[in-house]
Each structure stands twice: as structure tokens, then as C-alpha cells.
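Per-entry structural report
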Amino acid sequence: MTQTQDSDNIPTIITDSELEELQAFLLSDAVPEGTMQFDALDGFLTALAIGPAKASLDSWLPMVWDVQERRATPAYKSVQQSQRINELLMKMMAHILVQLTIYPDYYEPLPALALCESEEIRDLLIKFWATGFMAGVYCNHAEWEPLVENEKAAELLLPIYVLAGPHDITPPVSPELFDMLKTRIPDFVIGIKEFWEPLHSREIARAKGVVYASEADRIGRNEPCPCGSGKKFKKCCGK
């Protein structure tokens, strides 16, 4: 399930040429100074794709162009260009979710890391990716609280927080720890996705008019059915 309300009609595969098109726009003079670069954007869209909330495009798009103030916007040449960039952003998010859903064993953040000229550049890009992921968490911070408050699940998010740096961490993260954490990013991301899957399954079930037994116990038989049919619960899903 793609975690965006706007993506139902967007193909879930983004081509290399489309990624290059989006990256070129992010590097152009048309975007504000505070625009996320491609590495941070990948992390940001990953958090939105696997997270708990259905995020509409309008709710998170301002962060792409101005992560601090959420006010600046690109100087688009036309309405068509604006629509095209939005389409590419949605396709990129959907593509990430497809990778994690269908091919989780082959998932890697920023596949282009293998082409980096040095380990220093590679580590810097990982930091950008982790920073973008945490921005995606903060974008819907209230919805992420169940994971943060779950001691075991929070252990999946903490390493990404550490990789993002800088933070008030004592002692500082050692190069050895950084190297270990970055190699396990796929495990952390897949684990976080799996944490939210029961919630997503419930959302799908509700959309189909299915009510879980634990929920049925709390619904009065004469109350409106939560499936949205407009009928009383006893004459709908409560039969």
C-alpha cells in the first residue's frame, strides 16, 4: 500500500531518466536555497512511505523546498513543470515502497553509493539520507509516537537518528560504530516498515468494510457503522 492519498494513479516505477530529471531540477537555480538534495530526499520519502500516516502531498511538499520554515517554493517555468515535479516526487516515493514490499532482500538506500569516489563522500551521503529520514519522522511526529515509545521498536529508529548527526551524543559516535550502523540501514528500514504493517492492514480492512472483533466490542449496535456505509452497525458489519 502506498502511503499517500495522491498516488493512486501514479505508476509505481520511476525510471533512471526520471530520477535524473528530478535530480537535475533539485540542483537547478529554480529551487530555493534550503531545498533538500537528492540524498536527503531519498531518506525523507522513505520515512513517509513506510511510516504510520497517510501523508497528502500538500502536507509534506513544503518541507522538500524549505525544511526549516516551509515557506519558500521553486520558481517553476509553468504549471506543467510544477505538476511534473510533483509527479516525479510521488513516483519516487511509490517506487521506494514497491522495493521494500516486493524486493526487501535487495533494498539499499541510495544505490548510487557504490559509485562514490571515496568512503568520506559515501559517509556524508549516508548522513544526508539519515537526516532526510528523520525529517520525514518529524513531519508526522505525533503519529510516530507508538514506535518511539515501544522500547524494542525504538531501537530500529535510534541508529538512523545517530547516523544523521550532529547530536548531543556522549561519547561521540566512533568511526567503527558509524560503519556498522550504515551497513544495517536496510535492516532498520525493513524493521520499521514491519512495525507499522498491522496498522496499515487495519486501514485496508476498514476501507473494505471489515471491523475487527476488538473494535466491534466498543461499537454500539445502533451506532453508525465505522465502514462509512451510513447504516447502523447491527445492519451492516455487525451482522
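Below is a short write-up of the structure. (Residues numbered from 1 in each chain as written. Predicted model: local features only at pLDDT ≥ 70, side-chain atom pairs only at ≥ 80, totals over all residues. Heavy atoms only, no water.)

1. Notes on helix 1 (residues 16-26)
It helps to recall that an α-helix has 3.6 residues per turn; residues three or four apart then point in one direction. Defined as follows: Only protein chains enter the area calculation, which uses a 1.4 Å probe; residues under 20% of their type maximum are buried, those over 50% are exposed, and those in between are partly exposed. We count a stretch as a helix when DSSP gives it H or I for four or more residues in a row; a strand needs E for two or more, and each element gets its number in order from the N terminus. The arc in question is traced by the directions running from the helix axis to the C-beta atoms. Residue contacts are counted whenever heavy atoms from the two residues lie within 4.5 Å of one another.
Glu18, Leu22, Phe25 and Leu26 are the residues of helix 1 that are buried. Angularly, the buried residues of helix 1 cover 105 degrees about the axis, an arc narrow enough to put them on a single face. Opposite the packed face of helix 1, turned more than 90 degrees from it, sit the exposed residues Asp16, Ser17 and Glu20. For helix 1, the secondary structure elements touched by its buried residues are helix 2 (38-50), helix 3 (57-65) and helix 4 (79-102).

2. Let's talk about the pattern of salt bridges
Selection criterion: The term salt bridge refers to a pairing of a side-chain nitrogen on Lys or Arg with a carboxyl oxygen on Asp or Glu at a separation within 4 Å.
On inspection of all chains with the given rule, the structure shows 10 salt bridges. We note a salt bridge from lysine 91 to glutamate 18, for which the minimum N-O separation is 2.8 Å. One end of the pair, lysine 91, is in helix 4; the other, glutamate 18, is in helix 1, with 73 residues separating them in the sequence. Judged by relative accessible area, which is 10%, glutamate 18 ranks as buried.

3. Comments concerning unusual backbone geometry
Negative phi is the rule for most residues except glycine; trans is the rule for most peptide bonds. In the Ramachandran plot, arginine 70 falls in the positive-phi region, its phi being about 60 degrees despite a non-glycine side chain. Turning to its location among the elements, arginine 70 is positioned in the loop between helix 3 and helix 4.

4. What about the nonpolar core?
Stated formally: Within this scheme, the nonpolar core is defined by two criteria: the residues are buried Ala, Val, Leu, Ile, Met, Phe, Trp, Tyr or Cys, and they are joined through side-chain atoms within 4.5 Å.
By size, the foremost hydrophobic cluster in this structure holds 59 residues, and its most contacted members are Leu41, Phe44, Trp60 and Phe133. If you list the elements that add at least two residues to this core, you get helix 1, helix 2, helix 3, helix 4, helix 5 (119-139), helix 7 (151-164), helix 8 (175-183) and helix 9 (185-207). When near neighbours in sequence (up to four residues on either side) are disregarded, phenylalanine 44 contacts Met36, Trp60, Met63, Val64, Gly132, Phe133, Ala135, Gly136 and Cys139.

5. Structural notes on the packing of aromatic side chains
To keep things clear, this is the line we draw: Two rings belonging to Phe, Tyr or Trp (six-membered ring only in the last case) form a pair when the distance between their centres is within 6.5 Å. Interplanar angles under 30 degrees mark stacking, angles over 60 mark edge-to-face geometry, and anything in between is tilted.
Scanning the model with the defined rule gives seven aromatic pairs in all. On the basis of an interplanar angle of 70 degrees and a centroid distance of 6.2 Å, the ring pair of phenylalanine 44 and tryptophan 60 is categorised as edge-to-face. Of this pair, phenylalanine 44 sits in helix 2 while tryptophan 60 sits in helix 3, and the two are 16 residues apart along the sequence. Side by side, phenylalanine 44 and tryptophan 60 carry an identical accessibility label, which is buried.

6. A few points about the side chain of histidine 95
Using the following cut-off: In protein, a polar contact requires one atom able to donate a hydrogen and another able to accept it; more generally it is a pair of N or O atoms within 3.5 Å, and residues adjacent in sequence count only if both atoms are side-chain atoms.
Note on placement: histidine 95 falls in helix 4. A polar contact of 3.4 Å, which involves the side chain of histidine 95, links it to the backbone nitrogen of isoleucine 14.

7. Observations regarding the environment of aspartate 123
Relative to the helices and strands, aspartate 123 is located in helix 5. The class for aspartate 123 is buried, based on a relative accessible area of 18%. Along the chain, aspartate 123 and lysine 182 lie 59 residues apart, while their C-alpha atoms are 8.3 Å from each other. Once residues within four sequence positions are removed from consideration, aspartate 123 is found in contact with Phe178, Asp179 and Lys182.

8. Looking at the side chain of aspartate 42
As a reminder, the rule being used: We count Lys and Arg on the positive side and Asp and Glu on the negative side, and we leave His and both chain ends out.
Within the secondary structure, aspartate 42 sits in helix 2. Despite being buried, aspartate 42 has no salt bridge partner; arginine 122 is the closest side chain of opposite charge, sitting 14 Å away. With sequence-adjacent residues up to four places away left out, aspartate 42 is seen in contact with Met92, Ile96, Pro109, Leu110 and Trp129.

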